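Close look at the chain arrangement
Spelled out from the first residue to the last, the chains are:
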Amino acid sequence: MQVYGTELAGRFLLGTALYPSPAVMQEAFRASKAAVATVSVRREGAGSGAGMVFWQIIAGLGIPVLPNTAGCHSVKEAVITAHMARELFDTRWIKLEVIGNSDTLQPDPFGLVEAARILTGDGFQVFPYMTEDLVLADRLLDAGCEVLMPWGAPIGTGLGLLNRYALRSLRAHFPDVPMVIDAGLGLPSQAAEAMEMGFDAVLLNTAVAKAGDPVAMARAFALAIEAGVLARAADPIEPRDMAAPSTPVLGKAFLA
Amino acid sequence: MTVHHILGAGVMGLCTAVELARRGASVTVHDPLGLPGPHQCSWWAGGMLAPRCEGETAEEIVVNEGLKAVDWWQAQGAEVTRNGTLVVALGRDRAELDRFARRTTGHSLLSAEEVAEIEPLLAGRFSRGLFFAEEAHLDPQAALAALVVRAKELGVRFTTDSAAEGNVIDCRGTAARDILPDLRGVKGEMLILHSSEITLSRPVRLLHPRIPVYIVPRGDGTFMLGATMIESAERNRASVRSVLELLTAAYALHPAFGEAEIVEIGHDARPAFPDNLPRLRHAGGRLCLNGLYRHGYLMAPALARMAADHLLEGRNALLEEALPA
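None of the values given here were measured: they were computed from a predicted structure. (Residues numbered from 1 in each chain as written. Chains lettered and ligands numbered in written order. Predicted model: local features only at pLDDT ≥ 70, side-chain atom pairs only at ≥ 80, totals over all residues. Heavy atoms only, no water.)

1. Comments concerning the domain arrangement of chain B
All names here are of chain B. This is how it is decided: Boundaries of every domain are those given by an automatic assignment or by a domain database. By definition here, a salt bridge exists when the distance from a side-chain nitrogen of Lys or Arg to a carboxyl oxygen of Asp or Glu is within 4 Å. Here a polar contact means two N or O atoms within 3.5 Å. Within protein one must be a hydrogen donor candidate and the other an acceptor candidate, and residues neighboring in sequence count only if both atoms are side-chain atoms. Only DSSP runs of H or I with at least four residues qualify as helices, and only runs of E with at least two residues qualify as strands; both kinds are numbered from the N terminus onward.
Considered domain by domain, chain B is made up of domain 1 (3-78 + 138-181 + 275-322) and domain 2 (85-133 + 184-272). Each of domain 1 and domain 2 was reduced to a C-alpha centroid, and the two centroids are 26 Å apart. For Glu54, the salt bridge is made with Arg205, and the minimal N-O distance between the two is 2.8 Å. Counting the contacts that link domain 1 with domain 2 gives ten residue pairs in polar contact (both at pLDDT 80 or more). Per element, the largest residue contribution to the side of domain 1 that touches domain 2 is three residues, and it comes from helix 2 (residues 51-54).

Below, the structure is given as structure tokens:
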């Protein structure tokens with residue numbers, strides 16, 4: 001999978017928040033073989049070098065870092081945070097979150113498009129955290145985004161892919177745009193389903209970090225993602241309903 | 001006679017001083033800032049002796065050693081309240097209570113009536129609660145003062161002269177990062193509230209997927225509300241967002257907190273190693289006791305005991321080696 005001209009080493013993007021300890025986080029990353037680590041700039045970013053040890057641990061994971069603007073509720077806040085992230089992590093990548101509702105943490109689609117346009121103009125490579133709306137996707141691509149990150153469900157809910165119709169439609173309308181299912185997954189089976197539907201990758205955090213055994217759950221997601229990719233490539237059979245016969249079966253050759 | 005020089009008069013330094021002195025050792029505590037005070041993160045602690053609740057995310061050793069801490073504090077003359085811990089969650093976060101129950105031990109499930117019975121303030125607000133009967137709490141500032149009294153009774157000397165030679169035991173917390181490179185700070189913010197309308201008999205934890213809080217009664221209408229956990233060594237400020245989140249959670253626990261007075265806002269950084277477990281470690285030519293994370297009052301007695309075993313009886317069961325990788 002390629003994003004902004006960079007080949008990613010896998011299809012699993014994993015967050016660095018909420019683990020019982022940094023040591024457990026490191027082990028979960030090893031088990032996940034994640035291609036990218038996301039990190040919240042705003043939460044841990046206070047002050048000059050105050051979070052240095054934690055960031056060194058993240059840098060020590062040895063995979064690309066995707067900083068995010070989690071916790072930003074306005075365009076201005078998100079843009080400032082993105083600039084801070086670029087300095088801190090020396091990367092043009094930014095996972096853009098503009099939160100529209102502080103309770104559900106759902107994206108503000110209007111602010112998202114505006115912030116994406118500003119940041120693309122500033123030379124950023126924007127990964128927008130978005131709802132699964134088709135028109136929003138169009139606007140974000142117009143704003144210069146080369147990857148889309150629709151949610152499966154609200155952050156931290158673990159509800160999986162809530163709107164399969166819209167997600168299928170999104171995938172079908174933009175077959176060549178890299179798409180990452182971001183947020184809302186709770187179970188590996190949901191990640192496998194996302195890959196079977198043709199999405200390019202999944203991004204998650206809570207499902208692994210707050211599992212009773214984060215390391216085992218990281219491995220479970222890695223296996224499920226691999227299974228989903230394999231299944232997609234293997235051209236699965238079409239489902240067929242034979243439960244309700246159209247004519248009486250009795251007395252007929254069963255292939256007639 | 002060998003003199004043991006302890007650097008730092010926080011909870012770790014004082015527990016070690018008392019533990020060594022009560023086994024007959026000669027001890028001097030060095031702290032350039034003098035006796036316990038707001039310059040130490042122990043000063044701002046919650047003071048919950050809640051090993052079973054901490055077991056939700058902490059390793060088993062924290063639960064097992066923490067269970068012994070209550071008796072230790074009482075034996076040193078600290079005032080400990082053994083009233084247990086009540087854990088509740090708001091209606092839509094009910095799943096959090098189930099998860100918490102699955103991952104901890106030593107609790108009983110309370111009905112709405114039983115919650116109201118033990119904490120009348122919360123009557124009608126929670127349909128269920130978890131009660132951890134064995135747990136206890138103390139007032140950290142009073143407990144530190146009690147340790148100083150106990151240490152002085154045992155002949156421990158206190159000095160602001162930071163120069164120490166010979167047998168040095170380093171209990172400086174985050175300041176020891178100069179010799180412990182893997183030590184980090186985990187920022188915490190808390191508030192002290194006062195209200196004569198509110199009565200709680202025990203620490204109450206309100207679970208939430210993002211902002212879990214606890215409220216510890218300190219007596220006379222004073223309550224400690226804590227605490228954030230932020231990956232940062234910053235010590236000198238509390239953010240509006242953190243304070244808002246803490247206060248919102250308190251208000252959700254009971255609207256009467258909306259009328260409470262904000263007495264003080266505390267902020268500091270907890271010293272922690274990458275696995276959030278404490279360590280005894282030889283570094284920089286001295287014995288270092290550090291990394292207590294959010295378990296200062298829970299784990300300092302255990303570390304002090306292990307340090308004394310090592311220094312006075314030559315036992316080498318250093319925590320660092322005793323722990324599985």
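That covers the picture; the talk isn't over yet.
2. A short note on the packing of helix 4 (residues 75-89) of chain A against helix 5 (residues 109-121) of chain A
All names here are of chain A. Rules: Orientation is described by axes fitted as lines to C-alpha atoms, over the contacting stretch for helices, and by angles from 0 to 180 degrees between their N-to-C directions. By the definition used in this description, the sense in which the near helix is turned from the far one sets the handedness, with an anticlockwise turn below a right angle giving left-handed and a clockwise turn giving right-handed. Residue contacts are counted whenever heavy atoms from the two residues lie within 4.5 Å of one another. Amino acids are sorted into nonpolar (Ala, Val, Leu, Ile, Met, Phe, Trp, Tyr, Cys and Pro), charged (Asp, Glu, Lys and Arg) and polar (every other residue, Gly among them).
Two numbers describe how helix 4 lies on helix 5: the axes approach to 9 Å, and their chain directions differ by 35°. For helix 4 against helix 5, the interelement crossing comes out right-handed. Of the residues in helix 5, those in contact with Val75, Val79, Ala82 and His83 of helix 4 are Gly111, Glu114, Ala115, Ile118 and Leu119. The class makeup of the residues in the contact of helix 4 with helix 5 is six nonpolar, two polar and one charged.

3. Quick look at the UniProt feature "domain: FAD dependent oxidoreductase" (unreviewed entry) in chain B
Worth spelling out the cut-off: UniProt positions are given in the numbering used here, feature names are shortened, and annotations may be inferred rather than shown by experiment.
In the numbering used here, UniProt assigns the "domain: FAD dependent oxidoreductase" (unreviewed entry) feature to residues 6-309 of chain B. Measuring from the first to the last C-alpha atom of residues 6-309 of chain B gives 16 Å, for a span that is 30% helix and 28% strand.

4. Remarks on the UniProt feature "binding site: 1-deoxy-D-xylulose 5-phosphate" (unreviewed entry) in chain A
All names here are of chain A. Rule in force here: Only protein chains enter the area calculation, which uses a 1.4 Å probe; residues under 20% of their type maximum are buried, those over 50% are exposed, and those in between are partly exposed.
The positions that UniProt labels "binding site: 1-deoxy-D-xylulose 5-phosphate" (unreviewed entry) are, in the present scheme, Gly156, Ala183, Gly184, Asn205 and Thr206. These annotated residues cover 51 residues of sequence, and their C-alpha atoms all fall within 9.3 Å of one another, placing them together at a single site. Apart from residues no more than four positions distant in its own chain, Ala183 is found in contact with Tyr129, Trp151, Gly152, Ala153, Ile155 and Leu203. By the secondary structure assignment, Gly184 is in the loop between strand 9 (180-182) and helix 8 (188-196). By relative accessible area, which is 5% here, Gly184 ends up buried. Once residues within four sequence positions are removed from consideration, Gly184 is found in contact with Ala153, Pro154, Ile155, Thr157, Gly158, Leu159, Gly160 and Gln190.

5. Regarding the interface of chain B and chain A
So the rule is basically this: The term buried area refers to how much accessible surface (probe radius 1.4 Å) is lost by two components on association, counted for both of them together.
Counting residues at the interface gives 25 residues for chain B, matched by 22 residues for chain A. Interface area for chain B against chain A, summed over the two sides, is near 1800 Å², with a carbon-plus-sulfur share of 45%. The interface formed by chain B and chain A contains two salt bridges. The salt bridge involving Glu77 of chain A is made with Arg241 of chain B; its shortest N-O contact spans 3.7 Å. Where chain B meets chain A, there are seven residue pairs in polar contact (both at pLDDT 80 or more). Looking at the side of chain B that touches chain A, the elements that each hand over two or more residues are helix 4 (94-102) and helix 7 (240-253) of chain B. Among the elements that take part in the side of chain B that touches chain A, helix 7 of chain B stands out by supplying three residues, more than any other.

6. Regarding the pattern of salt bridges
All names here are of chain B. By the definition in use, this model includes 33 salt bridges over all chains. Residue Lys187 pairs with Glu189 through a salt bridge whose shortest N-O separation is 3.7 Å. Summarising the burial analysis for this pair, Lys187 and Glu189 share the class buried. Connected through salt bridges with shared partners, the residues Glu19, Arg22, Arg23, Asp309, Glu313 and Arg315 form a single ionic network.

7. Here's the deal with the side chain of Ser239 of chain B
Counting through the fold element by element, Ser239 of chain B comes out in the loop between strand 14 (222-226) and helix 7. For Ser239 of chain B, the side chain forms a polar contact with the side chain of Ser242 of chain B, separated by 3.1 Å.

8. Points about a nonpolar patch on the surface
All names here are of chain A. The test is simple: Residues qualify for a patch when their relative accessible area is over 30% and they have no salt bridge, like charges being joined within 9 Å and the nonpolar side chains of Val, Leu, Ile, Met, Phe, Trp and Tyr within 5 Å. Shrake-Rupley sampling with a 1.4 Å probe provides the accessible areas, and residues are treated as covered by the protein chains on show and by no other component.
A cluster of nonpolar residues, Ile80, Met84 and Leu88, forms a patch on the protein surface that exposes about 250 Å² of accessible area. With respect to the helices and strands, Leu88 occurs in helix 4. Overall, Leu88 belongs to the partly exposed group, its relative accessible area being 39%.

9. Some thoughts on the packing of aromatic side chains
Counted only if it meets this: Between the rings of Phe, Tyr and Trp (Trp by its six-membered ring), a pair exists once the centres lie within 6.5 Å; its type follows the angle of the planes, with under 30 degrees stacked, over 60 edge-to-face, and the other angles tilted. Remark: a charge is flagged as sitting over a ring if the NZ atom of Lys or the CZ atom of Arg is within 6 Å of the ring centre and within 35 degrees of the ring normal.
Applying the stated criterion across every chain yields a total of eight aromatic pairs over all chains. Grouping aromatic residues by their ring pairs yields a cluster made of Tyr4, Trp93 and Phe127 of chain A. A cation over an aromatic ring shows up here: Arg171 of chain A above the ring of Phe199 of chain A, its NZ or CZ 5.8 Å from the ring centre. In this structure, Lys152 of chain B packs its charged tip against the face of Phe158 of chain B, placed 5.6 Å from the ring centre.

10. Topic: the pairing of strand 17 (residues 286-290) of chain B
All names here are of chain B. Keep this limit in mind: Pairing between two strands requires that DSSP report at least two bridges joining them.
Burial analysis of strand 17 places four of its five residues in the buried class, the great majority of the element. Direction of pairing for strand 10 (residues 167-170) relative to strand 17: parallel, over a ladder of two bridges. Opposite Asp170, over in strand 17, you have Cys288 as the bridge partner. Across five bridges, the pairing between strand 16 (residues 279-283) and strand 17 is antiparallel. Bridge pairing links Arg279 to Asn290 in strand 17. Here strand 16 folds back onto strand 17, and the loop between the two strands holds two residues, one of which, Gly284, carries a positive phi near 60°.

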